[in-house]
Structure formats: C-alpha cells, structure tokens
Amino acid sequence: IIKNKFETSIPIINFEVLMKIILIILSFVFINASVYADGHSGKIHLEGFGAWSLNVLDAGNGNLSITYDGLYGGVAMSGTEFGNNSSVQCVGGLTTSQGKFNDESGICKFLFADAGSAFIKYKGFGEAGKSGSGTFEFIGGTDKYESISGSGTVTRVQIQAAKQGFAQSKNVFKGSYQLN
C-alpha cells in the first residue's frame, strides 16, 4: 500500500489482475453488443416511387406475359425507421388472362443506408396497367440483416409512365421484421 500526501491508501494492482479485469470488461461489452444486435424487431411502413423497365409479349385478348426490372426509393413512414432512405431493385413477372393476373412474383433487394441489404420474395394480383397488391416475406440478407425474418403486404398504385417501355408506380410496404 502506498500513501499519498493526503494520507489515503491506494492499493497497487499487479499487471495480471489488471489484465483479467480488462478482459472481463471487454467480454461483457462484446456479449452485450451482440445481444442488442440480434433480436431487434419492429414495424415496417415504407413508401416511395419506382420505375420498371418492361418486357411484354402480347398474345391478344388481354393475354400478356410481362417481365420487369426496376428501381424504387423507400422512405420510412408513420414513425417507423426500418428501410428509411433505402434503394430497392425488384425483378419479377406475371401473366395475364383477360387483363387480370394472380401470379405476379419476384425478388427485391433492399440496400440500406448502412450498406447492409435484405431480400424479399413477393406474390401479387391485380389487373394489367392498374393498381395491384400482394404479400412479401424476407428470405435473407447481408451484414446485420443476414438472418432477417418477417413479412407483410405491398400495395402498388399505378401512375402514368413518363417513358414508353416503362411502368411507374407508388409502392407501399407494410409489415414487421425481426433480426434473428
């Protein structure tokens, strides 16, 4: 024990004890950090506008085969944070019979502001050239989104396209997610 000029006792800690204390503290910090990163969950409410490059085969009488590849920008709404300012690419397709479809399907990649990404698959129904709706579910991701799960609904409000060969729409995703 060393006494300072104020006559208080200050214990001397040897190097091994000090290193053990530091390791315990660091272990606690890393264990807690991983607990907070996993298990995070919340609501999804994304809205934004997209443009979709179309490939259409018209067989007449409202019978069409349509594939598309497009981009969408998402903004979190209603106090949610998930996917705010995300960039999304979707590739999908559908087949109409008398102008209606119930087989739309595809995959979207959400690229988040933190550079992580998540993937969904979706299914939809509606009428060609009009608004439609469907469901989606997460199928994976990268970085902290690698084990994401969740699902929800997607609504597409068709708007007049500014360029031939494209479709444009307002898309709304609502649902929930969990980072497992």
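Residues numbered from 1 in each chain as written. Predicted model: local features only at pLDDT ≥ 70, side-chain atom pairs only at ≥ 80, totals over all residues. Heavy atoms only, no water.

Chemist: Explain the packing of aromatic side chains to me, using residue names and the numbers behind them.
Modeler: Within this structure, the stated rule accounts for 10 aromatic pairs. Ring plane angle 35° and centroid distance 4.4 Å describe the contact between Phe112 and Tyr145, whose orientation is recorded as tilted. Taken as a pair, Phe112 in the loop between β6 (100–111) and β7 (117–127) and Tyr145 in the loop between β8 (132–141) and β9 (148–159) lie far apart in primary sequence, 33 residues in all. The class for Phe112 is buried, based on a relative accessible area of 6%. Tyr145 sits in the buried class, given a relative accessible area of 8%. (Phe/Tyr/Trp six-rings, centres within 6.5 Å; stacked < 30°, edge-to-face > 60°. Helix = DSSP H or I, 4+ residues; strand = E, 2+ residues; numbered from the N terminus. Buried < 20%, exposed > 50% of the residue type's maximum accessible area, 1.4 Å probe, protein only.)

Chemist: Please set out the pairing of strand β4 (residues 64–76) residue by residue, giving values where relevant.
Modeler: The alternating pattern of β4 places Leu64, Ile66, Tyr68, Gly70, Tyr72, Gly74 and Ala76 on a buried face, while none of Ser65, Thr67, Asp69, Leu71, Gly73 and Val75, on the opposite face, is buried. Two strands pair when backbone bridges link them, and strand β3 (residues 41–58) and β4 are joined in this way by 13 bridges, in the antiparallel orientation. Considered in β4, the bridge of Val56 is made with Ile66. Where β3 folds back onto β4 in an antiparallel hairpin, the turn is made up of five residues, including Gly60, whose phi is positive at roughly 85°. The pairing of β4 with strand β5 (residues 86–95) spans 10 bridges and is classified as antiparallel. Pairing of Gly73 across the sheet is with Ser87, part of β5. (Pairing = 2+ DSSP bridges.)

Chemist: Run through the sheet that holds strand β10 (residues 166–179), naming residues and quoting values.
Modeler: Taken in spatial order, the eight strands close into a barrel running β3-β4-β5-β6-β7-β8-β9-β10, and their pairing is antiparallel. Strand-to-strand twist across the sheet, computed as the mean angle between neighbouring axes with direction ignored, equals 25°. (Axes fitted to C-alpha atoms, helices over the stretch in contact; angles between N-to-C directions.)

Chemist: I'd like to hear about the side chain of Glu104, residue by residue, with values.
Modeler: Note on placement: Glu104 falls in strand β6. Take Glu104: its relative accessible area is 6%, and that puts it in the buried class. Reaching out from Glu104, the side chain makes a polar contact with the side chain of Tyr68 at a distance of 2.4 Å. Those residues within four positions of Glu104 in sequence are excluded, and the remaining contacts are Tyr68, Gly93, Leu94, Tyr122, Lys123, Gly124 and Arg156. (Polar contact = N/O pair within 3.5 Å; in protein donor to acceptor, adjacent residues only side chain to side chain. Contact = heavy atoms within 4.5 Å.)

From the geometry alone we can't say anything about function, so treat these as descriptive.
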